[in-house]
Amino acid sequence: MKIALIKEGKTPADKRVAFTPEQVLEIHRMYKDTEIFVESSDVRCYDDEEYAALGIQVVKDVSACDVFFGIKEVPIQQLIPNKNYFFFSHTIKKQAYNRALLQSVLEKNIKLIDYEVLKNDTGERVAAFGRWAGIVGAYNAFWTYGKKTDLYHIKRAFDCFDRQELKVELKKVQLPPIKIVVTGTGRVGKGTLEVLSTLGIREIEPHDFLFNYYEEPVFTLLSSSHYNRRRTDGGFDKNEFYSYPEKYESHFLKYAEVSDILISGAYWDNRAPRLFREADIKSEDFSISVIADITCDIRGSLPTTIRASKVHAPVYDIDRDTFEELPAFGKQFSISVMAIDNLPTELPRDASKDFGEQLIKYVVPELHKSQSTILEKATIAQEGDLTFDFLYLRDYLNNTNSEKE
(Lines give C-alpha, C1' and ligand atoms only; values in the text may rest on other atoms or scores of the structure.)
Protein backbone atom coordinates (compact mmCIF):
# COMPACT_ATOMS: atom_id res chain seq x y z
CA MET A 1 0.00 0.00 0.00
CA LYS A 2 1.29 3.43 -0.97
CA ILE A 3 -0.07 6.33 1.08
CA ALA A 4 0.32 10.00 0.20
CA LEU A 5 0.19 12.97 2.55
CA ILE A 6 -1.06 15.56 0.10
CA LYS A 7 -0.37 19.28 0.00
CA GLU A 8 -3.39 21.33 1.04
CA GLY A 9 -4.76 23.09 -2.01
CA LYS A 10 -7.69 25.04 -0.63
CA THR A 11 -7.27 28.82 -0.35
CA PRO A 12 -6.35 30.00 2.20
CA ALA A 13 -4.18 26.94 2.69
CA ASP A 14 -4.59 24.92 5.86
CA LYS A 15 -1.34 24.18 7.69
CA ARG A 16 -2.46 20.91 9.28
CA VAL A 17 -1.42 17.44 8.16
CA ALA A 18 -2.73 13.95 8.89
CA PHE A 19 0.57 12.55 10.21
CA THR A 20 3.64 14.16 11.75
CA PRO A 21 7.13 12.97 10.69
CA GLU A 22 7.46 10.78 13.81
CA GLN A 23 4.04 9.26 13.16
CA VAL A 24 5.00 8.35 9.60
CA LEU A 25 7.96 6.41 11.00
CA GLU A 26 5.66 4.72 13.50
CA ILE A 27 3.35 3.56 10.69
CA HIS A 28 6.34 2.28 8.72
CA ARG A 29 7.45 0.26 11.75
CA MET A 30 3.96 -1.15 12.36
CA TYR A 31 3.16 -2.02 8.74
CA LYS A 32 6.15 -3.18 6.72
CA ASP A 33 4.09 -3.43 3.54
CA THR A 34 3.11 0.26 3.68
CA GLU A 35 5.03 3.18 2.19
CA ILE A 36 4.16 6.80 2.91
CA PHE A 37 5.15 9.59 0.53
CA VAL A 38 4.91 13.25 1.48
CA GLU A 39 3.90 15.68 -1.24
CA SER A 40 6.19 18.70 -1.05
CA SER A 41 4.49 21.69 0.56
CA ASP A 42 5.52 25.22 1.45
CA VAL A 43 2.55 25.78 3.77
CA ARG A 44 2.48 22.66 5.97
CA CYS A 45 3.24 23.17 9.67
CA TYR A 46 5.83 20.39 9.49
CA ASP A 47 8.09 21.39 6.62
CA ASP A 48 9.63 19.13 4.00
CA GLU A 49 12.98 19.08 5.78
CA GLU A 50 11.46 17.67 8.96
CA TYR A 51 10.17 14.66 7.04
CA ALA A 52 13.31 14.25 4.91
CA ALA A 53 15.54 14.36 8.01
CA LEU A 54 13.89 11.13 9.15
CA GLY A 55 14.41 9.43 5.82
CA ILE A 56 10.81 9.91 4.65
CA GLN A 57 10.35 10.38 0.92
CA VAL A 58 9.28 13.92 -0.01
CA VAL A 59 8.15 14.10 -3.63
CA LYS A 60 6.44 16.50 -6.03
CA ASP A 61 4.30 13.82 -7.70
CA VAL A 62 2.20 11.44 -5.62
CA SER A 63 0.05 10.09 -8.44
CA ALA A 64 1.52 6.59 -8.03
CA CYS A 65 0.02 6.29 -4.54
CA ASP A 66 -3.19 4.42 -3.69
CA VAL A 67 -4.53 6.26 -0.64
CA PHE A 68 -4.47 10.03 -0.19
CA PHE A 69 -4.73 11.73 3.21
CA GLY A 70 -5.57 15.45 3.29
CA ILE A 71 -7.38 17.72 5.71
CA LYS A 72 -9.66 20.23 3.96
CA GLU A 73 -11.54 19.83 0.68
CA VAL A 74 -9.31 18.98 -2.28
CA PRO A 75 -9.72 21.42 -5.19
CA ILE A 76 -11.51 19.74 -8.08
CA GLN A 77 -8.65 20.23 -10.52
CA GLN A 78 -6.28 18.45 -8.12
CA LEU A 79 -8.39 15.30 -7.68
CA ILE A 80 -6.75 12.26 -9.28
CA PRO A 81 -9.21 9.75 -10.82
CA ASN A 82 -9.60 6.22 -9.47
CA LYS A 83 -7.94 6.92 -6.11
CA ASN A 84 -8.96 6.63 -2.45
CA TYR A 85 -9.21 9.92 -0.54
CA PHE A 86 -9.58 10.86 3.11
CA PHE A 87 -10.53 14.47 3.90
CA PHE A 88 -13.26 16.66 5.38
CA SER A 89 -15.54 17.06 2.37
CA HIS A 90 -18.21 19.26 4.02
CA THR A 91 -20.92 17.75 1.86
CA ILE A 92 -22.96 15.59 4.24
CA LYS A 93 -25.13 18.54 5.29
CA LYS A 94 -25.74 19.36 1.61
CA GLN A 95 -23.44 22.37 1.63
CA ALA A 96 -24.11 24.10 -1.67
CA TYR A 97 -20.57 25.39 -2.07
CA ASN A 98 -19.22 21.82 -2.29
CA ARG A 99 -21.81 20.30 -4.60
CA ALA A 100 -19.44 20.52 -7.59
CA LEU A 101 -16.72 18.81 -5.54
CA LEU A 102 -18.88 15.77 -4.81
CA GLN A 103 -20.07 15.67 -8.42
CA SER A 104 -16.43 15.58 -9.54
CA VAL A 105 -15.63 12.81 -7.04
CA LEU A 106 -18.30 10.66 -8.69
CA GLU A 107 -17.23 11.57 -12.22
CA LYS A 108 -13.63 10.65 -11.45
CA ASN A 109 -14.55 7.33 -9.84
CA ILE A 110 -12.97 8.34 -6.54
CA LYS A 111 -13.56 6.55 -3.27
CA LEU A 112 -14.18 9.31 -0.74
CA ILE A 113 -13.96 8.61 2.99
CA ASP A 114 -14.96 11.58 5.14
CA TYR A 115 -13.31 12.02 8.55
CA GLU A 116 -16.51 13.53 9.90
CA VAL A 117 -18.36 10.23 9.66
CA LEU A 118 -15.62 7.89 10.87
CA LYS A 119 -17.31 6.41 13.94
CA ASN A 120 -16.94 3.44 16.26
CA ASP A 121 -19.61 0.90 17.20
CA THR A 122 -21.24 3.28 19.67
CA GLY A 123 -21.50 6.09 17.14
CA GLU A 124 -18.68 8.21 18.55
CA ARG A 125 -16.33 9.95 16.12
CA VAL A 126 -12.84 8.47 16.11
CA ALA A 127 -10.95 11.28 14.35
CA ALA A 128 -11.76 14.91 15.09
CA PHE A 129 -10.20 18.29 15.81
CA GLY A 130 -12.92 19.38 18.26
CA ARG A 131 -10.62 19.62 21.27
CA TRP A 132 -8.32 22.01 19.43
CA ALA A 133 -11.22 24.08 18.15
CA GLY A 134 -12.22 24.46 21.81
CA ILE A 135 -8.71 25.39 22.94
CA VAL A 136 -8.12 27.97 20.22
CA GLY A 137 -11.70 29.27 20.31
CA ALA A 138 -11.54 29.88 24.06
CA TYR A 139 -8.12 31.52 23.74
CA ASN A 140 -9.52 33.78 21.02
CA ALA A 141 -12.43 34.71 23.29
CA PHE A 142 -9.97 36.14 25.81
CA TRP A 143 -7.86 37.75 23.08
CA THR A 144 -11.04 39.45 21.87
CA TYR A 145 -12.01 40.58 25.36
CA GLY A 146 -8.52 42.03 25.89
CA LYS A 147 -8.70 43.96 22.61
CA LYS A 148 -12.21 45.21 23.35
CA THR A 149 -11.47 46.41 26.89
CA ASP A 150 -7.78 47.30 26.48
CA LEU A 151 -7.14 45.61 29.85
CA TYR A 152 -4.35 43.37 28.54
CA HIS A 153 -2.81 42.25 25.26
CA ILE A 154 -1.83 38.73 24.22
CA LYS A 155 -0.48 37.25 20.98
CA ARG A 156 -2.77 35.73 18.44
CA ALA A 157 -2.87 31.96 18.74
CA PHE A 158 -1.31 31.45 15.31
CA ASP A 159 1.72 33.51 16.42
CA CYS A 160 2.39 30.94 19.16
CA PHE A 161 4.68 28.10 18.12
CA ASP A 162 2.71 25.53 20.06
CA ARG A 163 0.35 24.95 22.98
CA GLN A 164 3.09 25.59 25.52
CA GLU A 165 3.70 29.12 24.22
CA LEU A 166 -0.06 29.69 24.21
CA LYS A 167 -0.12 28.80 27.92
CA VAL A 168 2.63 31.36 28.56
CA GLU A 169 0.56 34.04 26.82
CA LEU A 170 -2.47 33.22 28.95
CA LYS A 171 -0.51 34.22 32.06
CA LYS A 172 -0.80 37.82 30.84
CA VAL A 173 -4.59 37.76 31.04
CA GLN A 174 -5.88 39.95 33.88
CA LEU A 175 -9.66 39.76 34.20
CA PRO A 176 -12.03 41.80 36.34
CA PRO A 177 -14.84 39.94 38.16
CA ILE A 178 -16.74 39.05 35.00
CA LYS A 179 -19.02 36.09 34.30
CA ILE A 180 -18.42 33.70 31.41
CA VAL A 181 -21.04 31.30 30.10
CA VAL A 182 -19.91 28.20 28.18
CA THR A 183 -22.12 25.84 26.17
CA GLY A 184 -21.15 22.38 25.00
CA THR A 185 -19.92 19.34 26.91
CA GLY A 186 -18.30 17.40 24.06
CA ARG A 187 -14.79 17.61 22.61
CA VAL A 188 -15.11 21.34 21.96
CA GLY A 189 -16.36 21.99 25.49
CA LYS A 190 -13.52 19.97 27.00
CA GLY A 191 -10.97 21.96 25.00
CA THR A 192 -12.57 25.17 26.25
CA LEU A 193 -12.33 23.94 29.85
CA GLU A 194 -8.60 23.35 29.41
CA VAL A 195 -8.08 27.05 28.72
CA LEU A 196 -10.31 28.11 31.61
CA SER A 197 -8.33 25.79 33.87
CA THR A 198 -5.04 27.31 32.69
CA LEU A 199 -6.43 30.73 33.54
CA GLY A 200 -7.49 29.48 36.98
CA ILE A 201 -11.08 30.66 36.54
CA ARG A 202 -13.47 29.08 39.02
CA GLU A 203 -16.45 27.06 37.80
CA ILE A 204 -19.84 27.87 39.32
CA GLU A 205 -23.04 25.83 39.22
CA PRO A 206 -25.61 27.39 36.86
CA HIS A 207 -28.08 28.32 39.61
CA ASP A 208 -25.44 30.06 41.74
CA PHE A 209 -24.00 31.71 38.63
CA LEU A 210 -27.37 33.35 37.97
CA PHE A 211 -28.06 34.68 41.44
CA ASN A 212 -24.74 35.30 43.21
CA TYR A 213 -22.11 38.03 42.89
CA TYR A 214 -18.41 37.11 42.83
CA GLU A 215 -15.32 39.23 43.39
CA GLU A 216 -13.36 37.19 40.85
CA PRO A 217 -13.97 36.02 37.26
CA VAL A 218 -16.12 32.88 37.16
CA PHE A 219 -17.71 30.64 34.54
CA THR A 220 -20.53 28.16 34.27
CA LEU A 221 -20.84 25.24 31.87
CA LEU A 222 -24.29 24.65 30.42
CA SER A 223 -25.72 21.53 28.85
CA SER A 224 -28.87 21.58 26.71
CA SER A 225 -31.12 21.01 29.73
CA HIS A 226 -30.03 24.28 31.33
CA TYR A 227 -31.37 26.55 28.60
CA ASN A 228 -34.02 24.56 26.72
CA ARG A 229 -37.50 23.71 28.02
CA ARG A 230 -40.53 21.96 26.61
CA ARG A 231 -43.04 24.48 25.28
CA THR A 232 -46.03 22.79 26.90
CA ASP A 233 -44.90 22.40 30.51
CA GLY A 234 -41.33 23.69 30.86
CA GLY A 235 -39.89 20.22 31.39
CA PHE A 236 -36.89 18.59 29.72
CA ASP A 237 -36.34 15.05 28.47
CA LYS A 238 -32.97 14.42 26.86
CA ASN A 239 -34.10 11.72 24.43
CA GLU A 240 -37.14 13.70 23.39
CA PHE A 241 -35.08 16.87 22.92
CA TYR A 242 -32.62 15.20 20.58
CA SER A 243 -35.41 13.48 18.64
CA TYR A 244 -37.91 16.34 18.55
CA PRO A 245 -36.07 19.59 19.35
CA GLU A 246 -38.86 21.59 17.71
CA LYS A 247 -40.98 20.88 20.80
CA TYR A 248 -38.65 23.03 22.89
CA GLU A 249 -37.95 26.72 23.42
CA SER A 250 -34.90 28.55 24.73
CA HIS A 251 -34.73 30.26 28.10
CA PHE A 252 -31.08 31.28 27.73
CA LEU A 253 -31.72 35.00 28.22
CA LYS A 254 -31.42 34.74 32.00
CA TYR A 255 -27.76 33.80 31.45
CA ALA A 256 -27.24 36.57 28.89
CA GLU A 257 -28.44 39.09 31.48
CA VAL A 258 -25.64 38.27 33.93
CA SER A 259 -22.77 37.27 31.58
CA ASP A 260 -20.03 39.25 29.85
CA ILE A 261 -18.58 36.55 27.56
CA LEU A 262 -20.29 33.67 25.77
CA ILE A 263 -18.19 30.77 24.48
CA SER A 264 -20.45 28.62 22.33
CA GLY A 265 -19.37 25.05 21.64
CA ALA A 266 -22.63 23.11 21.65
CA TYR A 267 -23.83 21.16 18.62
CA TRP A 268 -26.99 22.70 17.18
CA ASP A 269 -29.77 21.02 15.22
CA ASN A 270 -31.51 23.47 12.89
CA ARG A 271 -34.86 22.24 14.24
CA ALA A 272 -33.89 23.37 17.73
CA PRO A 273 -34.52 26.85 19.14
CA ARG A 274 -31.85 29.52 18.89
CA LEU A 275 -30.30 30.65 22.15
CA PHE A 276 -31.71 34.13 21.64
CA ARG A 277 -33.35 36.31 18.98
CA GLU A 278 -32.02 39.29 17.06
CA ALA A 279 -34.34 41.59 18.97
CA ASP A 280 -33.03 40.38 22.33
CA ILE A 281 -29.66 42.09 21.97
CA LYS A 282 -31.35 45.52 21.92
CA SER A 283 -32.31 45.14 25.56
CA GLU A 284 -30.21 46.93 28.19
CA ASP A 285 -30.40 43.69 30.18
CA PHE A 286 -28.47 41.76 27.51
CA SER A 287 -24.99 41.98 29.07
CA ILE A 288 -22.89 39.79 26.77
CA SER A 289 -20.37 41.91 24.86
CA VAL A 290 -18.05 39.21 23.47
CA ILE A 291 -19.23 36.06 21.72
CA ALA A 292 -16.84 33.31 20.66
CA ASP A 293 -18.90 31.05 18.41
CA ILE A 294 -16.69 27.99 18.05
CA THR A 295 -19.44 26.06 16.26
CA CYS A 296 -19.67 28.79 13.61
CA ASP A 297 -23.18 27.88 12.47
CA ILE A 298 -24.01 30.76 10.16
CA ARG A 299 -27.30 32.32 11.35
CA GLY A 300 -27.72 29.20 13.45
CA SER A 301 -27.91 28.87 17.22
CA LEU A 302 -26.59 32.43 17.59
CA PRO A 303 -28.20 35.00 15.27
CA THR A 304 -25.17 37.24 15.78
CA THR A 305 -23.06 34.82 13.72
CA ILE A 306 -23.97 36.33 10.37
CA ARG A 307 -20.87 34.98 8.65
CA ALA A 308 -17.65 33.12 9.35
CA SER A 309 -14.63 35.22 10.23
CA LYS A 310 -11.10 34.40 9.12
CA VAL A 311 -7.87 33.78 10.98
CA HIS A 312 -6.37 37.12 9.90
CA ALA A 313 -9.63 39.02 10.48
CA PRO A 314 -11.04 37.12 13.46
CA VAL A 315 -13.67 39.52 14.78
CA TYR A 316 -16.56 41.62 13.53
CA ASP A 317 -19.04 43.62 15.57
CA ILE A 318 -22.84 43.60 15.53
CA ASP A 319 -24.69 46.83 16.25
CA ARG A 320 -27.20 46.19 19.02
CA ASP A 321 -29.82 48.56 17.64
CA THR A 322 -29.65 47.97 13.88
CA PHE A 323 -28.12 44.45 13.84
CA GLU A 324 -25.75 45.67 11.12
CA GLU A 325 -22.18 44.47 10.88
CA LEU A 326 -19.55 46.95 12.08
CA PRO A 327 -15.74 46.88 11.99
CA ALA A 328 -14.20 45.01 14.90
CA PHE A 329 -14.28 47.02 18.13
CA GLY A 330 -15.74 49.91 16.16
CA LYS A 331 -18.37 50.90 18.70
CA GLN A 332 -18.24 50.78 22.49
CA PHE A 333 -21.54 49.01 23.08
CA SER A 334 -21.63 46.72 20.05
CA ILE A 335 -21.23 42.95 20.39
CA SER A 336 -17.88 41.56 19.22
CA VAL A 337 -18.19 38.19 17.45
CA MET A 338 -15.33 35.74 16.91
CA ALA A 339 -16.52 33.03 14.50
CA ILE A 340 -13.47 31.56 12.78
CA ASP A 341 -14.46 28.42 10.89
CA ASN A 342 -11.08 26.62 10.98
CA LEU A 343 -9.77 27.31 14.48
CA PRO A 344 -7.44 24.27 14.86
CA THR A 345 -5.23 25.55 12.04
CA GLU A 346 -4.02 28.28 14.44
CA LEU A 347 -2.18 25.61 16.46
CA PRO A 348 -1.45 23.25 13.58
CA ARG A 349 1.47 21.28 15.00
CA ASP A 350 -0.33 20.26 18.19
CA ALA A 351 -3.64 19.68 16.40
CA SER A 352 -1.97 17.54 13.71
CA LYS A 353 -0.13 15.42 16.27
CA ASP A 354 -3.35 14.71 18.18
CA PHE A 355 -5.29 13.96 14.99
CA GLY A 356 -2.57 11.64 13.70
CA GLU A 357 -2.64 9.69 16.96
CA GLN A 358 -6.36 9.14 16.51
CA LEU A 359 -5.86 7.98 12.91
CA ILE A 360 -3.09 5.55 13.89
CA LYS A 361 -5.21 4.09 16.67
CA TYR A 362 -8.56 3.79 14.88
CA VAL A 363 -8.17 4.20 11.12
CA VAL A 364 -4.81 2.95 9.86
CA PRO A 365 -5.45 -0.61 11.19
CA GLU A 366 -8.75 -0.62 9.28
CA LEU A 367 -6.91 0.10 6.03
CA HIS A 368 -5.12 -3.20 6.40
CA LYS A 369 -8.27 -5.27 6.81
CA SER A 370 -9.98 -6.98 3.91
CA GLN A 371 -13.25 -5.52 5.14
CA SER A 372 -13.82 -2.63 7.56
CA THR A 373 -17.20 -1.54 8.88
CA ILE A 374 -15.75 1.76 10.14
CA LEU A 375 -14.40 2.69 6.71
CA GLU A 376 -17.47 1.43 4.86
CA LYS A 377 -19.81 3.54 6.98
CA ALA A 378 -17.66 6.63 6.34
CA THR A 379 -17.42 6.10 2.58
CA ILE A 380 -19.58 8.68 0.84
CA ALA A 381 -18.76 7.74 -2.75
CA GLN A 382 -17.41 4.62 -4.42
CA GLU A 383 -17.32 3.21 -7.95
CA GLY A 384 -18.83 6.35 -9.40
CA ASP A 385 -21.90 6.45 -7.16
CA LEU A 386 -23.08 7.37 -3.68
CA THR A 387 -22.99 4.61 -1.10
CA PHE A 388 -26.18 3.41 0.58
CA ASP A 389 -25.94 5.58 3.72
CA PHE A 390 -25.49 8.71 1.61
CA LEU A 391 -28.15 8.21 -1.03
CA TYR A 392 -30.00 11.11 0.59
CA LEU A 393 -27.46 13.38 -1.16
CA ARG A 394 -28.85 12.47 -4.59
CA ASP A 395 -31.23 15.41 -4.87
CA TYR A 396 -28.49 17.70 -3.54
CA LEU A 397 -26.20 16.57 -6.34
CA ASN A 398 -28.94 17.13 -8.88
CA ASN A 399 -29.77 20.52 -7.34
CA THR A 400 -33.43 19.68 -6.82
CA ASN A 401 -33.71 20.60 -3.14
CA SER A 402 -33.20 23.64 -0.96
CA GLU A 403 -29.78 22.85 0.48
CA LYS A 404 -27.80 24.69 3.10
CA GLU A 405 -25.92 27.60 1.58
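Per an unreviewed UniProt entry, the recorded name for the protein chain is Saccharopine dehydrogenase [NAD(+), L-lysine-forming], and the organism is Belliella baltica. The heading Pathway (unreviewed entry) in the UniProt record of the protein chain holds the text "Amino-acid biosynthesis; L-lysine biosynthesis via AAA pathway; L-lysine from L-alpha-aminoadipate (fungal route): step 3/3." Under the heading Catalytic activity (unreviewed entry), UniProt records this for the protein chain: "L-saccharopine + NAD(+) + H2O = L-lysine + 2-oxoglutarate + NADH + H(+)".

Participant: Describe helix H5 (residues 163–170), listing the residues and the values that go with them.
Facilitator: Considered for burial, the residues of H5 that qualify are Arg163, Leu166, Glu169 and Leu170. Projection of H5 onto a plane perpendicular to its axis shows the buried side chains occupying an angular sector of 110°, all on one side. Contacts made by the buried residues of H5 are with helix H4 (130–149), helix H6 (187–199) and helix H11 (348–362). For H5, the N-terminal capping position is held by aspartate 162, with its side-chain oxygen 3.2 Å away from the main-chain nitrogen of glutamine 164.

Participant: Hey, could you go over the side chain of lysine 179 for me, with residue numbers and the actual values?
Facilitator: Position of lysine 179 relative to the elements: it lies in strand E7 (residues 179–183). One buried charge, lysine 179, has no salt-bridge partner; the nearest side chain with opposite charge is aspartate 260, at 8.0 Å. A polar contact of 2.5 Å, which involves the side chain of lysine 179, links it to the backbone oxygen of phenylalanine 209. If sequence neighbours within four positions are ignored, lysine 179 has contacts with Phe209, Leu210, Asn212, Tyr214, Val218, Val258, Ser259, Asp260 and Ile261.

Participant: Give a detailed account of the domain arrangement of the protein chain, specifying residues and quantitative values.
Facilitator: The accessible area lost on association of the parts is a frequent measure of interface size. Domains assigned within the protein chain are domain 1 (2–127 + 348–398) and domain 2 (130–346). Domain 1 and domain 2 are separated by 31 Å when their C-alpha centres are compared. The interface is formed by 13 residues belonging to domain 1 together with eleven residues belonging to domain 2. Carbon and sulfur atoms make up 47% of the area that domain 1 and domain 2 hide from each other, which totals about 990 Å². Class assignment for the residues of the side of domain 1 that touches domain 2 results in three nonpolar, one polar and nine charged.

Participant: Give a description of the packing of aromatic side chains that names residues and reports values.
Facilitator: Enumeration according to the criterion identifies 20 aromatic pairs in this entry. Pairing phenylalanine 19 with phenylalanine 69 gives two aromatic rings, centres 5.3 Å apart and planes at 65°, and the pair type is edge-to-face. With a gap of 50 residues between them, phenylalanine 19 in the loop between strand E1 (2–5) and helix H1 (21–30) and phenylalanine 69 in strand E4 (residues 67–69) connect regions that are remote in the sequence. The buried category is assigned to phenylalanine 19, whose relative accessible area is 1%. For the ring pair phenylalanine 68 and tyrosine 85, a centre distance of 4.9 Å and an interplane angle of 20° mean the geometry is stacked. With phenylalanine 68 in strand E4 and tyrosine 85 in strand E5 (residues 84–87), this pair connects stretches of sequence that are 17 residues apart. Tyrosine 85 carries the same exposure label as phenylalanine 68, and that label is buried.

Participant: Any chance you could break down the pattern of salt bridges for me, citing the residues and the numbers?
Facilitator: Within this structure, the stated rule accounts for 27 salt bridges. When the shortest N-O distance is used, the salt bridge between glutamate 357 and lysine 353 registers 2.9 Å. With glutamate 357 and lysine 353 both in helix H11 and four residues apart, this pair spans about one turn of that helix. Residue class for glutamate 357 comes out partly exposed when judged on its relative accessible area of 39%. Judged by its relative accessible area of 43%, lysine 353 falls in the partly exposed class. Linked through salt bridges whose partners overlap, the residues forming this network are Arg131, Arg163, Glu194 and Asp354.

Procedures and definitions
Residues numbered from 1 in each chain as written. Predicted model: local features only at pLDDT ≥ 70, side-chain atom pairs only at ≥ 80, totals over all residues. Heavy atoms only, no water. UniProt positions renumbered as here; feature names shortened; annotations may be inferred. Buried < 20%, exposed > 50% of the residue type's maximum accessible area, 1.4 Å probe, protein only. Helix = DSSP H or I, 4+ residues; strand = E, 2+ residues; numbered from the N terminus. Arc of directions from axis to C-beta. Contact = heavy atoms within 4.5 Å. Polar contact = N/O pair within 3.5 Å; in protein donor to acceptor, adjacent residues only side chain to side chain. Lys, Arg positive; Asp, Glu negative; His and termini not counted. Salt bridge = Lys/Arg side-chain N within 4 Å of Asp/Glu carboxyl O. Domains from an automatic or database assignment. Buried area = accessible area lost by both parts, 1.4 Å probe. Nonpolar A, V, L, I, M, F, W, Y, C, P; charged D, E, K, R; others polar. Phe/Tyr/Trp six-rings, centres within 6.5 Å; stacked < 30°, edge-to-face > 60°.

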